[in-house]
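In case you want the letters, here they are:
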Amino acid sequence: MMKMTGKAFAKKLFGAKYERLFQTLLVDLIVFLGLYIAGWKVQIAPAIRILMVSTFTAGVMCQALSSKDIFVEMQHMLMLPSLHQEFVFSYVAILGVYTIFTKTAALLSILLAVSIWKPIEILGIFVCVIHAVLMAAAVYSLKKRYVAVFWAASIITAIVLLGNKTWLILLLVMNGIFTVLILRRADGYDFYRQESEKSYIAKRQKSGSLWRYFFRYLGFHKNYLINTFVMWCVALVLPYFLGEIGGLTVVPVGFAVLSLNTPVCILLSCDRDLEQAVRFLPGQKQAFFIPYGLFLFLCNMAADVIFLCSLQIQNNSVTVSMIFAAVFFALQSAVLSVLLEWFFPIRAWKIESDLWHHPRKYIVPVTMLLLAGAVLAWPALLPVLMILLVIEVVVLFFILWKI
């Protein structure tokens, strides 16, 4: 049963002949060799490496576990007579392989290429990766969420405080054994969220407002809200780091960085039924994309406002041109994200984690960074951008009035 379950999930995640796995590993190898040959090295403390790899792996594993697309496969599997322990461990194992070899491997290929490692540190980081997978699965299976949060916070604190100690690995091994004991007591239904999904769909069908749909969607996908909150935290501390790098002249770079809020930019790609309705029902194109663009603009502006407030508190130097620049970058990010969702939706994905880490997520931030670089190189370009902003706002108001 364990082998059959693993093979069924593996074919869904990696393709019929596991071609997706080999393609991903080949790309990771090319990235590693390219960075290693370049000879660019960065000093990274062991505690930072462990924390980075552990939190990234655990986060991707939680995304995979909470993907509603994997629940369809689980629903059929749970109907079969099976030993629950075998199902749980095969399910966790295959999602762990997916997480490690398709997502964490990309991060490790970069870290191994640009930083200096000792052999014992390489062994330790792989222990951390396995521990993060098991920890995420065990935390996800717990019914008492406050216990799970406290447990996860304790491990993160231990990594931060003891990350440079060699016996931290022993602590993670012991905690990994504890997670295995918890998973032995888990049931397949501990990983299945049928009621929440049905409730979400029912609410969406009853809702006649797209704004209700947006906020209910975020309410159901708590990880989307967490990502948005993280971006707000980045907006708080970003002025300090930008000030260390280049002073107030690099403020547009901050607006470009804050446009990297992937989850809210893929609402159409991750809901195939909604995309089909928008594309084929009459009048849905304007009815959906105008509110969606406004929603993305408000999300971007929320982060930019926090960034400007933090900048004002730290340097007392926010100007009118900076405010105009914030509005311009927030609006352009929203417009580009909407256009990408309409003309280049992401369709070749298996579970929602693929959407979060799709290369398309970097198109808008990179475009904004190039635009920020142009503003830094030619300051006279800023008044032109302000004029374009006014024209764009007028056009959008005209479209809204027509609708």
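In the block above lies the structure referred to throughout.
The following refers to the structure shown. Computed from a predicted structure; not experimentally measured. (Residues numbered from 1 in each chain as written. Predicted model: local features only at pLDDT ≥ 70, side-chain atom pairs only at ≥ 80, totals over all residues. Heavy atoms only, no water.)

## A word on the packing of helix α6 (residues 119-141) against helix α7 (residues 145-162)
In step 1: Look at α6 against α7: their axes get within 9 Å of each other, and the N-to-C directions meet at 160 degrees. Considering the angle they form, α6 stands roughly antiparallel to α7. Crossing hand, α6 versus α7: left-handed. Where α6 approaches α7, its residues H131, M135, A138, V139 and Y140 are matched on the opposing element by R145, A148, W151, A152 and I155.
In step 2: Its residues assigned to classes, the contact of α6 with α7 shows eight nonpolar, one polar and one charged. (Axes fitted to C-alpha atoms, helices over the stretch in contact; angles between N-to-C directions. Helix = DSSP H or I, 4+ residues; strand = E, 2+ residues; numbered from the N terminus. Parallel < 35°, antiparallel > 145°, perpendicular 65-115°, else oblique. Left-handed = near helix turned anticlockwise from the far one by under 90°. Contact = heavy atoms within 4.5 Å. Nonpolar A, V, L, I, M, F, W, Y, C, P; charged D, E, K, R; others polar.)

## Examining helix α3 (residues 46-65)
In step 1: A rise of 1.5 Å per residue sets the reference length of α3, with its 20 residues, at 28 Å; its end C-alpha atoms lie 28 Å apart and thus fit the reference within 8%.
In step 2: Buried within α3 we find A47, R49, I50, V53, S54, T57, V60, M61, Q63, A64 and L65. (Expected span 1.5 Å × (residues − 1). Buried < 20%, exposed > 50% of the residue type's maximum accessible area, 1.4 Å probe, protein only.)

## Quick word on empty space enclosed by the protein
In step 1: Tallying each qualifying case throughout the model produces two cavities of 30 Å³ or more.
In step 2: Forming the boundary of the largest cavity are 14 residues, of which C265, S337, R360, K361 and V364 lie nearest the centre.
In step 3: Elements supplying a minimum of two residues to the lining of the largest cavity: α15 (320-343) and α17 (363-377).
In step 4: Residue classes in the lining of the largest cavity are distributed as eight nonpolar, four polar and two charged.
In step 5: When its volume is computed, the second largest cavity comes out at roughly 40 Å³. (1 Å grid on protein atoms, 1.4 Å probe; cavity = no way out; pocket = protein on both sides within 12 Å on 5 of 7 lines; lining within 4 Å. Points joined across faces, edges and corners; volume = space filled by probe spheres on them.)

## Looking at the packing of α7 against helix α8 (residues 168-184)
Geometrically, a packed helix pair is captured by the angle between its two axes and the distance between the axes.
In step 1: Where α7 meets α8, the axes come as close as 11 Å, and the angle between the chain directions of the two elements is 165 degrees. With respect to α8, the element α7 is oriented roughly antiparallel. By crossing handedness, the relation of α7 to α8 is classed as left-handed. Mapping the contact onto sequence places W151, I155, A158, I159 and L162 in α7 and L168, L171, L172, N175, F178, T179 and I182 in α8.
In step 2: Taken together, the residues that form the contact of α7 with α8 break down as ten nonpolar, two polar and no charged.

All we've got here are geometric facts, nothing functional implied.
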